[in-house]
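An overview of the molecular structure
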Amino acid sequence: MTKIILASPRWYCAGVDRAIGMLDDILDVHGAPIYVNHEIVHNKFIVNYFERRWVIFSDDLDSIPTWSIMVFSAHWVAPSFVKKAQALWLRTLDASCPLVIKVHNEAKKFIAEGYKIIYIWKKNHQEAIWVADNDLENIFIVWNKNEADALSFKPDQKLALLNQTTLSIDDTKDLIAYVQTIYPDIKLPGFSDICYATTNRQEVVKEIVEEVDALIIVGSKNSSNSTKLCLIWERAWIPSLLIDTPDEIPEQFLDWLNFVGISSWASVPDNLVQEVIKYLEERWAIFMKEVITKEEKMIFPYKLDLA
Ligand code: SF4
């Protein structure tokens with residue numbers, strides 16, 4: 001018998017739920033086509049679903065017809081991108097996650113008070129790319145100690161440290177401690193800057209990997225947070241897989257599945273996880289239990305006011 005431990009929470013976070021809801025609703029109200037910069041959230045299934053509804057994902061503002069509706073994705077956009085969209089007479093709707101906006105507002109406040117910001121990011125994550133674009137004179141992005149070493153500031157420069165919302169305390173604690181040794185007076189990020197959904201999804205996977213001999217994370221490979229969840233296997237030295245659909249499970253991996261942990265990232269619809277479970281059920285007798293480490297009740301409301 002194959003035993004499954006299903007991690008919870010695993011499905012949409014409040015930011016993803018809000019962005020998907022906004023795009024669905026704006027399509028219902030105004031009709032297609034609707035343009036979205038980048039991807040509304042990092043999940044292949046969601047992107048395909050909206051493409052079938054004639055949503056066009058494009059960062060090439062010049063190619064978008066005047067008066068079209070553009071929705072900004074959950075990852076936030078740089079003010080320069082917003083200004084250009086408005087200068088081109090696009091009607092815009094901002095689906096950026098409020099937690100991401102909060103960190104950017106903090107950065108703006110610090111900069112207005114004369115601070116420079118050291119911003120910890122996951123290399124090439126969209127949220128951080130926009131931050132870099134936002135204010136290159138005052139925001140310095142770093143991912144490792146070498147990059148922190150390469151910075152130089154005047155001795156009396158006021159400094160604050162912020163981080164990409166979807167990095168957890170585990171992701172950042174060593175680098176924060178290192179930056180503090182270089183700049184002991186630096187203002188540190190508050191706990192409220194860390195996304196609750198990231199922390200909850202990482203914590204539950206850390207708990208289940210102690211009990212299983214293989215791990216399956218349902219999510220897309222261009223989602224850095226899905227990859228990060230998948231890498232938690234390193235703590236327990238068990239094989240792990242990151243898949244969008246069950247047919248991506250290789251035959252040899254199936255041999256390991258005596259006791260498997262299953263979870264997903266916050267941008268993954270839960271029916272995809274259920275499909276993986278069904279796929280396993282069709283092959284083996286399954287015993288399943290769910291490990292719930294947190295109840296999530298966060299909701300981010302929205303309005304469909306176009307700018
Ligand atoms: S993972 Fe966190 S920061 Fe990202 S969209 Fe969800 S709630 Fe917002």
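Just above sits the structure.
Keep in mind it's a predicted model, so treat the numbers as computed, not measured.

Remarks on the overall build of the protein chain
Per the secondary structure count, the protein chain includes eleven helices and twelve strands. Taking 307 residues into account, the globule formula puts the C-alpha radius of gyration at 19 Å, and the protein chain, at 21 Å, falls close to it. Viewed in the frame of its principal axes, the protein chain has a C-alpha envelope of about 60 × 55 × 30 Å. Here the protein chain displays about 14500 Å² of accessible surface, and carbon together with sulfur accounts for 55% of that area. Side chains of the protein chain carry 31 positive and 43 negative charges; the gap between the two charge centres is 4 Å.

A word on empty space enclosed by the protein
Inspection of the entire model under this criterion finds two cavities of 30 Å³ or more. When its volume is computed, the largest cavity comes out at roughly 280 Å³. In this structure, the largest cavity is lined by 23 residues; those nearest its centre are Cys 13, Val 16, His 75, Thr 166 and Trp 265. Those elements that place two or more of their residues in the lining of the largest cavity are helix H1 (14-30), helix H4 (98-112) and helix H8 (196-209). Ranked by residue count, the leading element in the lining of the largest cavity is H8, at three residues. Among the residues making up the lining of the largest cavity, the classes are represented as twelve nonpolar, ten polar and one charged. The computed volume of the second largest cavity comes to approximately 40 Å³. Taken together, Lys 122, Gln 164, Thr 166, Leu 167, Asp 171, Gln 202, Ser 224, Asn 225 and Lys 228 make up the lining of the second largest cavity. Ranked by residue count, the leading element in the lining of the second largest cavity is helix H9 (residues 224-230), at three residues. Residue composition of the lining of the second largest cavity, grouped by class: one nonpolar, five polar and three charged. Lining the lining of the second largest cavity are residues from two domains, each supplying at least three of them: domain 1 (2-12 + 196-292) and domain 3 (99-193).

Thoughts on the site of the ligand
In the region of the ligand, the neighbouring residues are Cys 13, Gly 15, Cys 97, Leu 99, Val 100, Thr 165, Thr 166, Cys 195 and Trp 265. Among the cavities detected, the one that contains the ligand is the largest cavity. Here the residues of the shell around the ligand are counted per class, giving six nonpolar, three polar and no charged.

Here's the deal with the nonpolar core
Among the nonpolar cores identified, the biggest contains 68 residues, and Leu 23, Ile 40 and Ile 262 are the most heavily contacted of them. With eight residues, H1 is the largest single contributor of residues to this core. Residue contributions to this core reach at least three from each of two domains, namely domain 1 (2-12 + 196-292) and domain 2 (14-98). Those residues in contact with Ile 262, other than ones at most four positions away along the chain, are Ile 4, Ile 5, Leu 6, Ala 7, Ile 208, Ile 216, Val 273, Val 276, Ile 277 and Leu 280. Formed by 14 residues, the second largest nonpolar core is a distinct cluster that contains Ile 120, Ala 148, Leu 161 and Ile 186.

Quick notes on the side chain of Asn 163
Relative to the elements of secondary structure, Asn 163 occurs in strand E8 (residues 158-163). With near-sequence residues (within four places) excluded, Asn 163 lies in contact with Val 103, Tyr 119, Ile 120, Thr 172 and Pro 189.

Focus on the sheet that holds E8
Overall, parallel pairing links the three strands, which are arranged E7-E6-E8 in an open sheet. Every other strand in the sheet has two partners, leaving strand E7 (139-142) and E8 as the edge strands with one partner each. Within this sheet the neighbouring strands show an average axis-to-axis angle of 25 degrees, counted without direction. Inspection of the sheet shows strand E6 (residues 115-120) paired to E8 by six bridges, in the parallel sense. Paired with Tyr 115 across the two strands is Lys 158, which belongs to E8.

Structural notes on the environment of Val 47
The topology assignment puts Val 47 in helix H2 (residues 44-52). For the pair Val 47 and Phe 57, spaced ten residues apart in sequence, the C-alpha separation works out to 8.4 Å. Contacts of Val 47, omitting those with residues within four sequence positions, involve Glu 39, Val 41 and Phe 57.

Some points on the environment of Ser 240
Checked against the element boundaries, Ser 240 lands in strand E10 (residues 240-243). Here Ser 240 falls in the partly exposed class, since its relative accessible area comes to 21%. Along the primary structure Ser 240 and Ile 4 are separated by 236 residues, whereas in three dimensions their C-alpha atoms are 14 Å apart. In this structure the side chain of Ser 240 is engaged in a polar contact, spanning 3.3 Å, whose partner is the backbone oxygen of Cys 230.

Calculation notes
Residues numbered from 1 in each chain as written. Predicted model: local features only at pLDDT ≥ 70, side-chain atom pairs only at ≥ 80, totals over all residues. Heavy atoms only, no water. Helix = DSSP H or I, 4+ residues; strand = E, 2+ residues; numbered from the N terminus. Rg over C-alpha atoms; globule rule 2.2 N^0.38 Å. Areas by Shrake-Rupley, 256 points an atom, 1.4 Å probe, with all protein chains shown as cover. Lys, Arg positive; Asp, Glu negative; His and termini not counted. Charge placed at Lys NZ, Arg CZ, Asp CG, Glu CD. 1 Å grid on protein atoms, 1.4 Å probe; cavity = no way out; pocket = protein on both sides within 12 Å on 5 of 7 lines; lining within 4 Å. Points joined across faces, edges and corners; volume = space filled by probe spheres on them. Nonpolar A, V, L, I, M, F, W, Y, C, P; charged D, E, K, R; others polar. Domains from an automatic or database assignment. Near = heavy atom within 4 Å. Sits in = over half its atoms within 2 Å of the grid points. Core = buried A, V, L, I, M, F, W, Y, C linked by side-chain atoms within 4.5 Å. Buried < 20%, exposed > 50% of the residue type's maximum accessible area, 1.4 Å probe, protein only. Contact = heavy atoms within 4.5 Å. Pairing = 2+ DSSP bridges. Axes fitted to C-alpha atoms, helices over the stretch in contact; angles between N-to-C directions. Polar contact = N/O pair within 3.5 Å; in protein donor to acceptor, adjacent residues only side chain to side chain.

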